[in-house]
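Chain and residue survey
So the chains spell out like this:
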Amino acid sequence: DLTKTRYIPSGGTIHLDEGGSVLFDAPTKTLTIKDANITCTDNNQRCINSSVEGLKVVIEGNVWLTAFDAASVRLSGGVSNTISGNGFLAVMSSEEAFFLADGSKLTLAVDSLYAQGDTETIDGDLLGSGSEVTVENGFVTLNNKNKGTAIKSLGTFTVKGFSEVNIKGNGSKATVHKLKK
């Protein structure tokens, strides 16, 4: 587990104790996470905290991102970021799993995603005016653990391609969209 803040130099790789790795390539703005279990235990520490326009997070294998007292994945500054890959991604938090501030945009194009937040699962900024989430070609489950809201304050939530999105929050369950090839 990553329990301290680590900065990854361009082209550098952090090999995790449990065998996974994290690689950042600055010229292409690509963060590759492979078979990793990343846990952030300090107050306001996030697994991914991006204000980088065009950041691409690539998931390989099974990746778990867990944060306590903060969102596991936070985007700010109105950036557009993508999480993609041919693996399984679990995003867990005692707060929000994903928090998009300042009208930020997130595209989720990973094969399988399970996200669980204790307050909200995906939360836009307080104004909610421009934050967007797009799900492309994947199976997504959004679960809210404590009867909170699965999706809150987003301007747009879009589902494209071969996708299925299941939502559970605030006592309700729904399948948002399902397309078959």
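A quick note: this is a predicted structure, and the numbers were derived from the prediction, not measured.

Okay, the overall build of the chain next. Scanning the chain from terminus to terminus reveals zero helices and 18 strands. When each of the 181 residues of the chain is scored for burial, the buried share is 47%. Here the analysis covers contacts within the chain between residues at least 6 apart in sequence; of these, 66% occur between residues at least 24 apart. As presented, the chain carries roughly 8,600 Å² of accessible surface, and 49% of it is formed by carbon and sulfur atoms.

Right, let's get into unusual backbone geometry. A positive phi is found at Asp 69, a non-glycine position, where the angle reads about 65 degrees. Inspection of the secondary structure puts Asp 69 in the loop between β7 (62–67) and β8 (73–75). Within the chain, Asp 102 stands out as a residue other than glycine whose phi angle is a positive 60 degrees. Inspection of the secondary structure assignment puts Asp 102 in the loop between β10 (98–100) and β11 (105–117).

The next point concerns the pairing of strand β13 (residues 132–136). Two elements, β11 and β13, share four bridges in a ladder whose sense is parallel. Residue pairing across strands places Lys 105 opposite Glu 132, the latter belonging to β13.

This brings us to the nonpolar core. Counting 38 residues, the largest nonpolar core has Ile 33, Leu 65, Leu 89, Val 91 and Phe 98 as the members making the most contacts within it. Counting residues per element, this core draws most heavily on β11, which supplies five residues. Setting aside residues up to four positions removed in sequence, Val 91 forms contacts with Leu 65, Ser 72, Val 73, Ala 97, Phe 98, Leu 113, Tyr 114, Ala 115 and Gln 116.

Let us look at the state of the cysteines. A complete count under the given rule lists zero disulfides for this structure. The cysteine Cys 40 is free of any disulfide, with Cys 47 supplying the nearest cysteine sulfur at 3.4 Å. Take Cys 40: its relative accessible area is 4%, and that puts it in the buried class.

Attention now moves to the environment of Asp 111. For Asp 111, the position within the fold is in strand β11. Asp 111 sits 27 residues away from Ser 84 along the chain, and the two C-alpha atoms are 7.7 Å apart. In this structure Asp 111 touches Gly 85, Asn 86, Gly 87, Gly 138 and Phe 139, once residues within four positions along its chain are discounted.

On to the pattern of salt bridges. Tallying each qualifying case throughout the model produces one salt bridge. Glu 120 is the partner of Lys 152 in a salt bridge, and the nearest nitrogen-oxygen pair spans 3.7 Å. With Lys 152 in strand β15 (residues 149–152) and Glu 120 in strand β12 (residues 120–124), the pair connects residues that are 32 residues apart, well separated along the chain. Judged by its relative accessible area of 12%, Glu 120 falls in the buried class.

What counts and what doesn't
- Residues numbered from 1 in each chain as written.
- Predicted model: local features only at pLDDT ≥ 70, side-chain atom pairs only at ≥ 80, totals over all residues.
- Heavy atoms only, no water.
- Helix = DSSP H or I, 4+ residues; strand = E, 2+ residues; numbered from the N terminus.
- Buried < 20%, exposed > 50% of the residue type's maximum accessible area, 1.4 Å probe, protein only.
- Contact = heavy atoms within 4.5 Å.
- Areas by Shrake-Rupley, 256 points an atom, 1.4 Å probe, with all protein chains shown as cover.
- Pairing = 2+ DSSP bridges.
- Core = buried A, V, L, I, M, F, W, Y, C linked by side-chain atoms within 4.5 Å.
- Disulfide = S-S within 2.5 Å.
- Salt bridge = Lys/Arg side-chain N within 4 Å of Asp/Glu carboxyl O.

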